[in-house]
Amino acid sequence: MEIMAQEFTPAYLVIQKGPLIGKRVEIWKERTTIGRSRDCDIFLEDITVHRKQASILRVANGYILCDDHGKGDSLVNGRSVKEQQLNSGDQLLFGNTQLTFFANEGTRPFQLPSSRGRELFIGKAPDQHARLDLKNTHSGVQSVELLPTMTIGRSRDCNIFLEDLAVSRHHATLNELSSGEYELTDNRSATGTFVNGEAIVRTLLHEGDQIQIGATLFTFRTSHS
C-alpha cells in the first residue's frame, strides 16, 4: 500500500458517543493511530477500546481504516472491517466510542489542528486551556476542549454538533482572543444563546459561566497547570 507524500485534503473525526462527545479531531499524519494507549495519536479514554485499536492511513485516493488489533471489533457503518476505504459521513465504532469521519471537500475554510487540540489526545497538557463541561444523566460530566475557533450548532459541519431542533445549524461561535480570553457570539440564531440566563449577542466568558443553547447547558471552565 503506497502512502501519499504529496499535498492532501485534510479530514477529521467528530466523536458522537463516548467520554469526549462533540470533540473534533483533525487527521494530520500519514498514519494516525487510534486506541486506549496514550502513545496513540488519538487517545480514547474508553476501557472497551484496545490499546492499539486501529489506524487511519492517508493514501493516494483518500483514507483507509485498518484494524490493528485483529479481533474484528473495528466497525464502519456497523460492519466489522480489517481494511476499509473511508467516505465522508462513515460511522466508526471502537468499543463504546462512536465517531463520524468527514473528508473536507473544500466548501468551507479548514483550520489545521492547533497544538492544544493535539495535546488533548496524546496526553500532554498545555499550560492553559479552556473547556466546556456538559452534564449528562447517563455518563456524568463530559468535557470538550476548546480550540482557538469553534462552532456550535445542528450542522454536522460544526465542531460541537447538537442534535436538537431548537438549535440553529450554525448557532454560535467561540473565539479565543489574543488576551487568551474566549468570546462567545450568537450567529443570529432562531432561539438565542444565553449566558447565565441572559440572551447575548457577543460576550466574554468567565470561569463558571453557564451557556444555554437549545436544551443543552454547558459550563465554561479554564485550567492552569
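Residues numbered from 1 in each chain as written. Predicted model: local features only at pLDDT ≥ 70, side-chain atom pairs only at ≥ 80, totals over all residues. Heavy atoms only, no water.

S.K.: Pulling in residues and values, what's your account of the sheet that holds strand S15 (residues 160–161)?
M.R.: An order of S15-S14-S16-S17-S20 is seen for the five strands of this open sheet, with the pairing classed as mixed. Edge positions in the sheet fall to S15 and strand S20 (202–204), since each has one partner strand and no second. Across four bridges, strand S14 (residues 149–153) lies against strand S16 (residues 172–176) in antiparallel orientation. Within the sheet, the bridge partner assigned to Thr 149 lies in S16 and is Asn 175. (Pairing = 2+ DSSP bridges. Helix = DSSP H or I, 4+ residues; strand = E, 2+ residues; numbered from the N terminus.)

S.K.: Lay out unusual backbone geometry in plain terms, naming residues and giving numbers.
M.R.: In this structure, Asn 77 takes a positive phi of about 55 degrees despite not being glycine. The residue Asn 77 is located in the loop between strand S7 (74–76) and strand S8 (79–80) in this model. Residue Asn 196 is not a glycine yet carries a positive backbone phi of 55 degrees. Assignment of secondary structure puts Asn 196 in the loop between strand S18 (193–195) and strand S19 (198–200).

S.K.: Before we move on, could you go through the pattern of salt bridges and cite the residues and values that matter?
M.R.: In total, this model carries five salt bridges according to the counting rule given. Salt-bridge contacts for Asp 41 lead to Lys 29; the nearest nitrogen and oxygen are separated by 2.8 Å. Of this pair, Asp 41 sits in the loop between strand S3 (31–35) and strand S4 (42–43) while Lys 29 sits in the loop between strand S2 (24–27) and S3; the two residues are 12 residues apart in sequence, bridging distant segments of the chain. For Asp 41, a relative accessible area of 9% puts it in the buried group. (Salt bridge = Lys/Arg side-chain N within 4 Å of Asp/Glu carboxyl O. Buried < 20%, exposed > 50% of the residue type's maximum accessible area, 1.4 Å probe, protein only.)

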